[in-house]
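An overview of the molecular structure
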Amino acid sequence: MNNLAYKLKEKEREVVQHEIKHVTKKKKVRLPLGEKLIYVTFCGFMLFGSIQFISNQAALYEANASVQKVEEKVKAQKTVNMDLNDQVKELSQYDRILEKAKKLGLEMNADNVKVVSEK
């Protein structure tokens, strides 16, 4: 009788184990078509936005690079202009002009001098 009782307990354990297996089965979750469409649309908008953002950043980078190049050219031109202004001031000194005039054979006549003022 002990063996019989032991066999019954084994069968009960098997039945309980089979029942537990059936309970732990996972059910597949299926998304409705509308939700799938919403998710795909959302992903599409995110992709489009990302691409648009990156292209705008690239355009801004190119614009900034060109602005910097133009600023460098302007700075170089200002330097050249300042150097030329300094040369003009040097070359327009009275002593130098008088010396050049004497080399060309001109004389200084105080009665024939006219003063011109700059505007």
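This structure is a prediction, so every number in the text was calculated from the model and none was measured. (Residues numbered from 1 in each chain as written. Predicted model: local features only at pLDDT ≥ 70, side-chain atom pairs only at ≥ 80, totals over all residues. Heavy atoms only, no water.)

1. Things to note about the overall build of the protein
On a plain count of helices and strands, the protein comes out with three helices and zero strands. Taken over 119 residues, the protein has a buried fraction of 1%. (Helix = DSSP H or I, 4+ residues; strand = E, 2+ residues; numbered from the N terminus. Buried < 20%, exposed > 50% of the residue type's maximum accessible area, 1.4 Å probe, protein only.)

2. Section: the layout of surface pockets
For the largest pocket, the calculated volume is near 350 Å³. Forming the boundary of the largest pocket are Ser92, Tyr94, Ile97, Leu98, Ala101, Lys102, Leu106, Glu107, Met108, Lys114, Val115 and Val116. Class assignment for the residues of the lining of the largest pocket results in eight nonpolar, one polar and three charged. (1 Å grid on protein atoms, 1.4 Å probe; cavity = no way out; pocket = protein on both sides within 12 Å on 5 of 7 lines; lining within 4 Å. Points joined across faces, edges and corners; volume = space filled by probe spheres on them. Nonpolar A, V, L, I, M, F, W, Y, C, P; charged D, E, K, R; others polar.)

3. What to know about a nonpolar patch on the surface
A contiguous nonpolar patch, built from Leu31, Ile38 and Tyr39 and spanning about 310 Å² of accessible area, is present on the exposed surface. For Ile38, a relative accessible area of 56% translates into the label exposed. (Patch = residues over 30% accessible without salt bridge, like charges linked within 9 Å, V, L, I, M, F, W, Y side chains within 5 Å. Areas by Shrake-Rupley, 256 points an atom, 1.4 Å probe, with all protein chains shown as cover. Salt bridge = Lys/Arg side-chain N within 4 Å of Asp/Glu carboxyl O.)

4. Here we look at the pattern of salt bridges
Applying the stated criterion across every chain, the model contains one salt bridge. A salt bridge links Glu99 to Lys103; its shortest N-O distance comes to 3.9 Å. One end of the pair, Glu99, and the other, Lys103, are both in helix α3 (residues 94-103), four residues apart, so they sit about a helical turn from each other.

5. Observations concerning the environment of Met108
Looking at the secondary structure, you find Met108 in the segment after α3. Note: C-alpha distance between Met108 and Leu98 (ten residues apart in sequence) is 8.3 Å. Among residues more than four places away in sequence, those in contact with Met108 are Tyr94 and Leu98. (Contact = heavy atoms within 4.5 Å.)

6. Some remarks on the confidence of the model for the protein
Taken over all residues, the pLDDT of the protein has a mean of 84, while the share at 70 or more is 79%. Across the protein, the secondary-structure element scoring lowest on mean pLDDT is helix α1 (residues 2-23), at 59, and the one scoring highest is helix α2 (residues 33-91), at 96. (pLDDT = per-residue confidence, 0-100.)

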